[in-house]
Amino acid sequence: MVNLEWYRTFKSVYKNGNFSLAAKELFISQPAVSQQISMLEAHVGYKLFNRKSKGVEPTDYAKLLNNLIIDALDRLENVENGFRAKASDANRLISVGISKNLFARLGSVLIPKFDFIDFSFHDNDTLFELVDAKKLDFAIITKQFDTFDTIQEIVGKIKLVMVSSPQLDINDFKLKLKTKNSSDIEQWLNEQKWYSHDARIPHVKLFWLHVFNKKRPSMVANYIIPNESEMLRVLSKNNGIGITWNCNAKELIEEGKLQLLWDSKEMPSIDVFLLSGKNSNLSPIFETIAGELKQVLK
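A few points on the structure. In this text, all values refer to a predicted model and were calculated from it rather than measured experimentally. (Residues numbered from 1 in each chain as written. Predicted model: local features only at pLDDT ≥ 70, side-chain atom pairs only at ≥ 80, totals over all residues. Heavy atoms only, no water.)

What follows deals with the overall build of the protein. Check the secondary structure of the protein and you find 12 helices and 12 strands. In terms of overall size, the protein is more extended than a compact globule, its C-alpha atoms giving a radius of gyration of 30 Å where 298 residues would be expected to give roughly 19 Å. Going through the 298 residues of the protein one by one, you find that 42% of them count as buried. For the protein, the proportion of contacts with a sequence separation of at least 24, taken over those separated by at least 6, is 71%. Both charge centroids of the protein, one from 39 positive and one from 36 negative side chains, sit 1 Å from each other. (Helix = DSSP H or I, 4+ residues; strand = E, 2+ residues; numbered from the N terminus. Rg over C-alpha atoms; globule rule 2.2 N^0.38 Å. Buried < 20%, exposed > 50% of the residue type's maximum accessible area, 1.4 Å probe, protein only. Contact = heavy atoms within 4.5 Å. Lys, Arg positive; Asp, Glu negative; His and termini not counted. Charge placed at Lys NZ, Arg CZ, Asp CG, Glu CD.)

Right, here's the structure in full:
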C-alpha cells in the first residue's frame, strides 16, 4: 500500500531537485529521503530521478507522476493545514482590548469561541497604541485611526439611547415627545433620578448636545456606578433614567427589565471597529472575531 509521505517527499525532491534541500524542507534526514524515494520507485515500478553532479533530475516517469498527483496532493495539504490552523486558533492565547463599558455585550461573546483570551480595558487611543506596538492582538474600538501598520474593519454601529426602569411611568413623557416641545421635555427629564457610569456624565452630555443643542445639561446624576452594564442592572431594579449604548440595553429591553424611553433621531450612530496588527497568522482569528461582532451588532 502506498504511503502518503512518499508522495510528499517526491513532491519536495521534484521541486528542489536535491535530496539535501528536500530533507531540510521536510525536517527529516537525507537517508530517510533516499529511502522513501526508493520505496516509491519500487511501488510504481519505474526510476523517478537520475543523479547528476549537483542534485537530481526527474525522469519522464517522474514528470508524468508529478502531473497526476500534484493537484490532489496540494488540495489534501491545504485541507490539513486549514484544520491545523483552526485547531491552533482555538487553543492559542489571544489578547483583546475593549472599553469596559462595551465588554459585557461585545467582549463576552468571544468567550465560547476561544479557549484562552486575555482581556484588557482601555480607552480608544490607548488600545490603538497597544495594537500598533504589537502588545495587543486585537482591539474593539469606536474610533478610526489613520495608519498603515494595522488592519481596521467596521463590524457594526452603535448609538446612545435613553432608558428607564420598568416601573417608571413614562406616559406623560411620551406625550411631551409628540408635542416636540424641548423645554417641557427637558424639564420632565430634569425632575427624574439619573444614573451614570461616569461622574463626568459623558453620555448625557453627548445626548444633550445632539438632541437639545446644549453643551451642559442642567440635570445632576444621582447615582454614579462606574461600569455601564452594572449601572443598567441596578437601574433595572430601581427607579430612574440612564443613557447607554443601544447594544448594551437591547437584551434588557427585550426581557422587560428596562424601558426604551427615547431613541432620538438626532443622536447619530458611530462605527465600531475591529483592529489588529498586520499579521497573517492572526487573519483567521480576525475573521472569526469580526463575524461574531457583526452578529451582535446587526
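So, next bit.
Here we come to the sheet that holds strand 8 (residues 194-196). Sheet architecture is open: 5 strands sit in the order 9-8-10-7-11, paired in mixed fashion. Among the strands making up the open sheet, the edge pair consists of strand 9 (223-224) and strand 11 (259-262). (Pairing = 2+ DSSP bridges.)

Quick look at the nonpolar core now. Counting 45 residues, the largest nonpolar core has Met162, Leu189 and Trp208 as the members making the most contacts within it. Split by domain, the residues of this core number at least three in each of domain 2 (94-156 + 271-297) and domain 3 (158-269). Among residues more than four places away in sequence, those in contact with Leu189 are Met162, Phe173, Trp194, Trp208, Phe212, Ile241, Leu261 and Trp262. Formed by 17 residues, the second largest nonpolar core is a distinct cluster that contains Tyr7, Val13, Phe49 and Val56. (Core = buried A, V, L, I, M, F, W, Y, C linked by side-chain atoms within 4.5 Å. Domains from an automatic or database assignment.)

Our next topic: unusual backbone geometry. A positive phi angle, near 60°, is found at Lys180, a position not held by glycine. Relative to the helices and strands, Lys180 resides in the loop between helix 7 (171-179) and helix 8 (182-190). Backbone geometry places Ile201, a non-glycine residue, at a positive phi of 40°. Mapped onto the elements of the fold, Ile201 is located in the loop between strand 8 and helix 9 (202-211).

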